[in-house]
Amino acid sequence: MLLIAFVFVCTAFTTIIVYPIDGYEYTGIKRLKRLELIKSGEIVEKQSLPEGAFKSYRDIKLNLKEKAADSLHCFFTESPEFQKQISDLFRGLDKSYSLTVLDVSDVNHIKYAHRNETSGYQPGSVGKLAVLLGLFDQLAKIYPGDFDKRIQLLKTKVVKSGVWGLTDEHTIPIYNIETKKLVKRQVIASDEFTLFEWADHMLSVSNNGAASIVWREVLLMQAFGDKYPELTEAEALTYFKSTEKKVLTDIGNDVVNLPLRALGITADEWRLGSFFTKGANTYVGDKGGSIGTPLGVMKFLIQLEQGNVVDENSSLEMKRLMYMTDRRIRYAQAPALKEAAVYFKSGSLYKCDRSNGQECGKYMGNVQNFMNSVAIIEHPDNTTYMVVLMTNVLRKNSATDHMNLATNIDKLIRK
């Protein structure tokens, strides 16, 4: 379990604001090599990425590192004027819109506002951030004193999809460096990628199969400890076939939830209860249900920026993996954010009941229609803030709402 000391003190030091496209040599993630060639002009891409997507991985920094000793309560002090301005943006909207927003542009005058911040939502793909946390938590246990070895394991350990990666409609980008050809397709059972690439597939294109595969490896890390780096596919399969499903379910649940508890995030604020694909249910079951709140996820973002999620190096690496270098959607698609670096995760889950004749469709559920956006925004003018927006607006695709709210929040903070 992570050990983090919550010292009730608020410092007033000034912060120095000092995967991504040039990260191929560092990570081995092949799609980044293609983006590097697009940036250099060697490959001509019809639909170019926004300017804010071309930040160097070396330039990504933690915005609250100088406040690493500050307790969470220091950041959640409401700023009355800022609160009123944010509240006005939601005038006329029902309680299915929930939000936390933290402006850290001036770290000596941090501003916080919220709306229904403890309301619980099905987090959908936002839960993949908990899987990412579990991954770096286990890496730290395998190599407690050597971050370079953790990165090397992510870069060199190749694992196969198997049934865990199946039944997801999201495609993944598969880039051949020699032929410079890109193919986008669904995960198949024979697919093999490094841990770094599976983690990238999980975040950059939100592939559910990749998320289940990364979660599986986190479970195996917990089960095999320092023997995991040499673990073979056959040994892993034998373990899953010979271990009671309840035991696997309990371990799987612990490895993604206990690190959240170590960060002071309660089970009612954020928890993950089930894998992201049906294929995973061959071996592991569901437990406890999944829930997310704007408050719980904001606690994670703050401590990520402090460098307190596992450790400073792990926090930075997780932030790099959240950096949007693929197509931006929903909140992140707002034109006002084109020049900004955006660290982002979106999640959605909808459910339809057409028996009563009500309108229903993709991302327009009439029983449930969750859409969630988690974003760290960094403008070139040093305007920096974090947002967690969660909604459950029935019979309406809320992507446009999220994009419009992003524009309005950005305009409010930058004025």
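Because the structure is predicted, anything quoted here is derived from the model rather than measured. (Residues numbered from 1 in each chain as written. Predicted model: local features only at pLDDT ≥ 70, side-chain atom pairs only at ≥ 80, totals over all residues. Heavy atoms only, no water.)

**Some remarks on the overall build of the protein chain**
Part 1 of the reasoning: In terms of regular secondary structure, the protein chain is built from twelve helices and eleven strands.
Part 2 of the reasoning: Its C-alpha atoms give the protein chain a radius of gyration of 21 Å, near enough to 22 Å, the size a compact globule of 415 residues would have.
Part 3 of the reasoning: In terms of principal-axis extent, the alpha carbons of the protein chain reach across some 60 × 55 × 50 Å.
Part 4 of the reasoning: As displayed, the protein chain offers around 17,700 Å² of accessible surface, 50% of which is attributable to carbon and sulfur atoms.
Part 5 of the reasoning: Placing the 52 positive and 49 negative side-chain charges of the protein chain at their respective mean positions leaves the two points 4 Å apart. (Helix = DSSP H or I, 4+ residues; strand = E, 2+ residues; numbered from the N terminus. Rg over C-alpha atoms; globule rule 2.2 N^0.38 Å. Areas by Shrake-Rupley, 256 points an atom, 1.4 Å probe, with all protein chains shown as cover. Lys, Arg positive; Asp, Glu negative; His and termini not counted. Charge placed at Lys NZ, Arg CZ, Asp CG, Glu CD.)

**Points about the pattern of salt bridges**
Part 1 of the reasoning: As enumerated under the stated definition, the model contains 22 salt bridges in all.
Part 2 of the reasoning: Between lysine 246 and aspartate 250 there is a salt bridge whose closest N-O contact spans 2.9 Å. Of this pair, lysine 246 and aspartate 250 are both found in helix 9 (residues 245-262), four residues apart, which corresponds to roughly one turn of the helix.
Part 3 of the reasoning: Among the charged side chains, a salt-bridge network with shared partners connects Lys55, Glu305, Lys319 and Glu378. (Salt bridge = Lys/Arg side-chain N within 4 Å of Asp/Glu carboxyl O.)

**Some thoughts on the sheet that holds strand 9 (residues 341-351)**
Part 1 of the reasoning: Read from one edge of the open sheet, five strands run 2-1-11-10-9, paired in antiparallel fashion. Bordering the open sheet on either side are strand 2 (111-115) and strand 9, each of which pairs with just one other strand. Across the sheet, the mean angle separating the axes of adjacent strands is 5° when strand polarity is ignored.
Part 2 of the reasoning: Summarising the sheet, strand 9 and strand 10 (residues 368-378) pair through eleven bridges and their orientation is antiparallel. Across the sheet, the residue bridging to tyrosine 343 is isoleucine 376, located in strand 10.
Part 3 of the reasoning: The strands touched by helix 3 (residues 80-89) are strand 1 (97-103) and strand 2; relative to strand 2, the strand with the most contacts, the crossing angle is about 40°.
Part 4 of the reasoning: Packing of helix 12 (residues 399-414) onto the sheet brings it into contact with strand 1, strand 10 and strand 11 (384-392), and relative to strand 11 it is tilted by some 150°. (Pairing = 2+ DSSP bridges. Axes fitted to C-alpha atoms, helices over the stretch in contact; angles between N-to-C directions. Contact = heavy atoms within 4.5 Å.)

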